[in-house]
Amino acid sequence: LPLSLTGSLMALLAVNLGFVLRATPANVGVFELSYVAAAAAQGAPPGSALAVGMLIHLVQDVPTIALGFLLGRPLLHSDTSTATTERAPAIVVALAQAKLPGLPPNGGTTP
C-alpha cells in the first residue's frame, strides 16, 4: 500500500487499540476493520487495505496455530487415565511441573 511512515504507524496503533476489546476469537474481523479504517483514512483504497489487513493477520496467526497443533497433538492422543507425560513435548512437561511463586500447592487455597 502506498502509505507513509506516519500512515503505517497510525494503522499499527489502530490495530492495537482494536485489541483492547476481544469481540471475536483471535480478533478476526476487528483486526481487519481497524486496519482498513486507519489505512483508508490515509488515502489507501479500502479493498487493498482489507487485503493487506487479512494478509498481516494471516502471517501473525498461522505460525501460532501450527505450533500449537504440533505441540498439542501428542496431548490429544495420550492416555488421560494414567496422566503420563512421556508423549508430551518437553516444554509442556516443564511448564506443568513448574513451581510458580504465589500459587498454593496442589490447588489448595492460600492462607
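See the structure shown above.
Residues numbered from 1 in each chain as written. Predicted model: local features only at pLDDT ≥ 70, side-chain atom pairs only at ≥ 80, totals over all residues. Heavy atoms only, no water.

A. Seen up close, helix 1 (residues 5-18). With 14 residues, helix 1 should cover 20 Å at 1.5 Å per step; its first-to-last C-alpha distance of 20 Å lies within 8% of that length. Residues of helix 1 that are buried sit in contact with helix 2 (30-41). (Helix = DSSP H or I, 4+ residues; strand = E, 2+ residues; numbered from the N terminus. Expected span 1.5 Å × (residues − 1). Contact = heavy atoms within 4.5 Å.)

B. Structural context of the side chain of Ser 34. You can see Ser 34 is positioned in helix 2. Every residue in contact with Ser 34, bar those within four places of it in the chain, is listed here: Ala 14, Val 15 and Gly 18.

C. Broad picture of the packing of helix 2 against helix 3 (residues 46-76). Two elements in contact, helix 2 and helix 3, have axes separated by 8 Å at closest approach and are oriented at 140°. Between helix 2 and helix 3, the angle is such that the two are oblique. In this structure, helix 2 crosses over helix 3, and the sense of that crossing is right-handed. Across the interface between the two elements, Phe 31, Glu 32, Tyr 35, Val 36 and Ala 39 of helix 2 pack against Pro 46, Ala 49, Leu 50, Val 52, Gly 53, Met 54, Ile 56, His 57 and Gln 60 of helix 3. In the contact of helix 2 with helix 3, the residues fall into 10 nonpolar, three polar and one charged. (Axes fitted to C-alpha atoms, helices over the stretch in contact; angles between N-to-C directions. Parallel < 35°, antiparallel > 145°, perpendicular 65-115°, else oblique. Left-handed = near helix turned anticlockwise from the far one by under 90°. Nonpolar A, V, L, I, M, F, W, Y, C, P; charged D, E, K, R; others polar.)

D. Molecular detail of the nonpolar core. By size, the foremost hydrophobic cluster in this structure holds 10 residues: Leu 3, Ala 11, Val 15, Phe 31, Tyr 35, Val 36, Ala 38, Ala 39, Ala 44 and Ala 49. For this core, the secondary-structure elements that each account for two or more residues are helix 1 and helix 2. For this core, the leading source of residues is helix 2, giving five residues. When near neighbours in sequence (up to four residues on either side) are disregarded, Phe 31 contacts Val 15, Phe 19, Gly 53, Ile 56, His 57 and Gln 60. (Core = buried A, V, L, I, M, F, W, Y, C linked by side-chain atoms within 4.5 Å. Buried < 20%, exposed > 50% of the residue type's maximum accessible area, 1.4 Å probe, protein only.)

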